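Close look at the chain arrangement
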Amino acid sequence: MSHIEVKGLSVVFQNKITAVDNVSFQVEAGEIYGIVGLSGAGKSTLIRTLNLLQRPTTGEIWIDGQEISHLKGQELRQVRQKIGMIFQHFNLIENRTIAENIEFSLKAGDYPKEKRADRVAELLSLVDLLDKKDVYPNQLSGGQKQRVGIARALANNPEVLLCDEATSALDVETTEEILKILEKINRELGLTIIFITHELDVAKRLFKRVAVMEQGKIIEEATTFEIFAQPQAATTQKLVGRFFDLTIPQALQSALTGGVLLELRYQGAHTLDPLISQVSKDFNVLIGIIHGKIEYIQEAVIGILFVQITGEAQQIQQAVSYLKENVYAIRDLRDEVEK
Ligand SMILES: Nc1ncnc2c1ncn2[C@@H]1O[C@H](COP(=O)(O)OP(=O)(O)OP(=O)(O)O)[C@@H](O)[C@H]1O
Ligand SMILES: [Mg+2]
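The structure presented is a predicted model; accordingly, all values stated were derived computationally and were not measured.

**Some details on the overall build of the protein**
Helices and strands together make up the secondary structure of the protein, namely 13 helices and 14 strands. Considering only C-alpha atoms, the protein reaches an extent of 85 × 45 × 30 Å along its principal axes. Taken over 339 residues, the protein has a buried fraction of 50%. A separation threshold of at least 6 residues defines the contact pool for the protein, and within that pool the share at least 24 residues apart is 69%. Accessible surface for the protein amounts to roughly 17,000 Å². Of this, 48% is attributable to carbon and sulfur atoms.

**Description of the packing of aromatic side chains**
Taken as a whole and assessed by the stated rule, the structure comprises six aromatic pairs. Measuring from centroid to centroid gives 5.7 Å for Phe-195 and Phe-207, while their planes differ by 50 degrees, and the two rings are tilted. One end of the pair, Phe-195, is in strand 8 (residues 192-197); the other, Phe-207, is in the loop between helix 7 (200-206) and strand 9 (209-214), and twelve residues separate them in sequence. The exposure class assigned to Phe-195 is buried, which follows from its relative accessible area of 0%. Take Phe-207: its relative accessible area is 1%, and that puts it in the buried class. Within the aromatic cluster, the residues linked to one another by ring pairs are Phe-228, Phe-243 and Phe-244.

**Focus: the site of ligand 1**
Around ligand 1, the surrounding shell holds 13 residues, and the nearest of these are Ser-39, Gly-40, Lys-43, Ser-44 and Thr-45. Within the backbone of Gly-40, one N or O atom sits 2.8 Å away from an oxygen atom of ligand 1. Gly-42 is positioned such that a nitrogen or oxygen atom in its backbone is 2.9 Å from an oxygen atom of ligand 1. Burial of ligand 1 by the surrounding chains reaches 60%, relative to a free accessible area of 630 Å². Partitioned by chemical class, the residues of the shell around ligand 1 number five nonpolar, six polar and two charged.

**Some details on the sheet that holds strand 1 (residues 4-12)**
As summarised here, the arrangement of the four strands in space is 2-1-4-5, forming an open sheet in which the pairing is antiparallel. Taken across any chain shown, the strands that pair with only one partner, and hence form the sheet edges, are strand 2 (18-27) and strand 5 (66-67). Pairing of strand 1 with strand 4 (residues 58-63) involves five bridges; the strand directions are antiparallel. Note on strand 4: the bridge partner recorded for Val-6 is Ile-61.

**Comments concerning helix 9 (residues 234-244)**
Along an α-helix, residues three or four apart share an orientation, since each turn contains 3.6 residues. Every buried residue belonging to helix 9 is among Thr-235, Thr-236, Leu-239, Val-240, Phe-243 and Phe-244, and all of these are buried. Lining the buried residues of helix 9 we find helix 7, strand 9, strand 10 (217-223), helix 8 (224-229), strand 12 (286-297) and strand 13 (300-310). Positive phi appears at Asp-245, one or two residues downstream of helix 9, with a value of about 50 degrees.

**Looking at the sheet that holds strand 6 (residues 83-87)**
The strand order across the open sheet built from six strands is 6-7-8-3-9-10, with neighbouring strands paired in mixed fashion. The sheet is open, and its two borders are formed by strand 6 and strand 10, each paired with just one other strand. Strand after strand, the sheet turns through a mean of 15 degrees between neighbouring axes, direction not considered. Of the strand pairs in this sheet, strand 7 (residues 160-164) and strand 8 are connected by five bridges, and their pairing is parallel. In the sheet register, Cys-163 faces strand 8, and the bridge partner there is Phe-195. Lying on the sheet, helix 6 (residues 172-189) is in contact with strand 3 (32-37), strand 6, strand 7 and strand 8; it crosses strand 8 at an angle near 155 degrees.

Definitions and limits used
Residues numbered from 1 in each chain as written. Chains lettered and ligands numbered in written order. Predicted model: local features only at pLDDT ≥ 70, side-chain atom pairs only at ≥ 80, totals over all residues. Heavy atoms only, no water. Helix = DSSP H or I, 4+ residues; strand = E, 2+ residues; numbered from the N terminus. Buried < 20%, exposed > 50% of the residue type's maximum accessible area, 1.4 Å probe, protein only. Contact = heavy atoms within 4.5 Å. Areas by Shrake-Rupley, 256 points an atom, 1.4 Å probe, with all protein chains shown as cover. Phe/Tyr/Trp six-rings, centres within 6.5 Å; stacked < 30°, edge-to-face > 60°. Near = heavy atom within 4 Å. Polar contact = N/O pair within 3.5 Å; in protein donor to acceptor, adjacent residues only side chain to side chain. Nonpolar A, V, L, I, M, F, W, Y, C, P; charged D, E, K, R; others polar. Pairing = 2+ DSSP bridges. Axes fitted to C-alpha atoms, helices over the stretch in contact; angles between N-to-C directions.

Quick look at the structure:
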């Protein structure tokens with residue numbers, strides 16, 4: 001298991017574009033760490049520095065206490081053995097069979113020749129593709145190609161796996177299949193995984209912690225639950241907002257006159273049902289539920305309800321004060337409706 005620490009890393013390209021701008025973070029051994037961000041944020045450039053496919057302009061990369069950014073030759077090859085990588089478009093060699101694709105990596109890693117066939121079989125069993133050993137990449141589905149990508153990345157027993165948009169070319173079900181394999185190798189082989197993506201569904205499902213990247217910088221870092229429950233930076237709020245996809249349907253907006261319009265949020269083990277009936281009864285107001293969503297972020301729940309409260313002004317006010325004290329967060333939606 002490998003611990004990774006990046007300190008003050010920057011990549012400035014010859015055209016003066018600063019793709020990575022003074023980035024620092026740490027990934028614990030055995031962790032699944034995610035980096036999310038919009039297109040052009042610098043995610044690929046950053047992840048490519050971790051195995052020195054891209055040399056940083058400044059900064060340090062420590063892997064298990066060894067600073068690697070200046071390594072060359074044999075030392076560089078040795079470090080690269082520890083780090084596997086998978087890509088959005090799989091990058092398989094088209095005119096070689098699946099077994100030969102994997103063998104190619106074994107050869108590059110000086111794996112003993114007489115043991116290679118066994119190792120290929122072992123790796124293909126791990127990703128459940130032994131029966132495809134002798135076919136060519138163009139005879140496989142996207143999900144199967146990515147499974148070969150994983151097998152190949154694991155060929156030389158790396159301790160770290162870098163994933164650059166590894167599921168972004170796949171449909172929802174195939175993505176799930178790949179995520180399950182990644183979880184399995186994380187658990188069983190103890191691999192440290194760094195996964196970059198623009199898909200928050202993947203983040204929610206797979207990551208333990210998330211960093212958000214924008215214009216080359218890490219603008220926010222937190223546990224996955226925190227990122228979804230309390231996004232801080234404007235870009236994170238926008239990404240998470242889009243993920244929850246909560247807007248009041250246009251058709252409903254004109255009907256929502258009178259009373260107050262609120263967004264109520266709860267999280268953890270609570271639900272709002274008893275609270276809503278109770279408030280409605282105690283303060284003699286009507287509470288209509290307009291829209292809502294419940295998301296499970298790994299083990300924990302985040303619930304969001306849009307409600308309209310109608311009744312007498314004073315009683316509405318009391319009901320709102322009571323709600324404020326008893327939900328995780330409350331927001332007035334009226335401004336947004338009137339926009
Ligand atoms: N080899 C290069 N030379 C010059 N500029 C580059 C190079 N590679 C990337 N860039 C620029 O660096 C910035 C970050 O690019 P990068 O590919 O790292 O973003 P990304 O977050 O991976 O985006 P996407 O989600 O679209 O893959 C972009 O402005 C890009 O145009
Ligand atoms: Mg990219």
